[in-house]
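Single-letter residue listing:
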Amino acid sequence: MFTPVGAVEATLTIFFNDRPISARPGETVAACLLRANTSSFRTTPVTGAPRLPYCMIGHCFECLVEINGVGNQQACLKVVEDGMKIRVQQGAAIIPGVS
Ligand code: FES
């Protein structure tokens, strides 16, 4: 579905639910996870339905994931960093200090 454009090598490694995924400098978390055939970025708080990115420009919030222990991160706007730990966001994010 997603094919990299250009010859930039995947020199970084990110982890999605502990699975290592090769990443290219400058690409977004969403692009990298979609290229790796990820089936769900988050689940809805009410029904638990799996969701995937839709707009890829920061408007729809369907791409929310947990990154390095912090929830509600828009994967389509975050650029990959080596060693980044990403997890599926299950329902509403738990944000410390916010109830
Ligand atoms: S895909 Fe729509 S906000 Fe990220």
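J.: Help me understand the pairing of strand β5 (residues 64-67), please; the structure alone is not making it clear to me.
T.: For a regular strand, side-chain orientation follows a simple rule: the groups alternate between the two sheet faces. Examined bridge by bridge, β5 and strand β6 (residues 70-74) share three bridges and lie antiparallel to one another. When the bridges of β6 are listed, Val-65 appears paired with Gln-73. Strand direction decides the pairing type here: β5 and strand β7 (residues 85-90), joined by three bridges, are antiparallel. By the bridge assignment for β7, Val-65 is matched with Val-88.

J.: Before we go on, may I ask you to explain the side chain of Thr-44 in this structure?
T.: Take Thr-44: it is sitting in the loop between β3 (42-43) and β4 (50-51). At 3.0 Å, the side chain of Thr-44 and the side chain of Thr-47 are in polar contact. The residues contacting Thr-44, other than those within four sequence positions of it, are Ala-49, Arg-51 and Gly-91.

J.: What is the right way to read the side chain of Thr-38 from this model?
T.: Structurally, Thr-38 can be placed in the loop between α1 (29-35) and β3. Given a relative accessible area of 9%, Thr-38 falls into the buried group. Separated by 2.8 Å, the side chain of Thr-38 and the backbone oxygen of Leu-33 make a polar contact. Once residues within four sequence positions are removed from consideration, Thr-38 is found in contact with Phe-16, Arg-19, Leu-33 and Leu-52.

J.: Would you explain the pairing of β7 in this entry?
T.: In the sheet, strand β1 (residues 12-16) pairs with β7 via two bridges, with the strands oriented parallel. Across the sheet, residue Phe-15 finds its bridge partner in β7, namely Lys-85. With two bridges joining them, β3 and β7 adopt parallel strand pairing. From the neighbouring strand, Thr-43 faces β7, where its bridge partner is Gln-90.

J.: Would you mind going over the environment of Asn-17 with me for this structure?
T.: Residue placement: Asn-17 occurs in the loop between β1 and β2 (19-23). Along the sequence, Asn-17 and Glu-66 sit 49 residues apart, while their C-alpha atoms lie 9.8 Å from each other. Apart from the residues lying within four places of it in its own chain, the contact partners of Asn-17 are Ile-86, Arg-87 and Val-88. There is a polar contact of 3.2 Å between the side chain of Asn-17 and the backbone nitrogen of Val-88.

J.: Help me understand the pattern of salt bridges, please; the structure alone is not making it clear to me.
T.: Opposite charge on two side chains permits pairing when their charged atoms draw close. Per the counting criterion, the structure on display carries four salt bridges. Taking the shortest distance from any N to any O, the salt bridge between Asp-18 and Arg-87 comes out at 2.8 Å. On the criterion of sequence distance, the pair formed by Asp-18 in the loop between β1 and β2 and Arg-87 in strand β7 is long-range, its members being 69 residues apart. For Asp-18, a relative accessible area of 58% puts it in the exposed group.

Conventions we followed
Residues numbered from 1 in each chain as written. Predicted model: local features only at pLDDT ≥ 70, side-chain atom pairs only at ≥ 80, totals over all residues. Heavy atoms only, no water. Pairing = 2+ DSSP bridges. Helix = DSSP H or I, 4+ residues; strand = E, 2+ residues; numbered from the N terminus. Polar contact = N/O pair within 3.5 Å; in protein donor to acceptor, adjacent residues only side chain to side chain. Contact = heavy atoms within 4.5 Å. Buried < 20%, exposed > 50% of the residue type's maximum accessible area, 1.4 Å probe, protein only. Salt bridge = Lys/Arg side-chain N within 4 Å of Asp/Glu carboxyl O.

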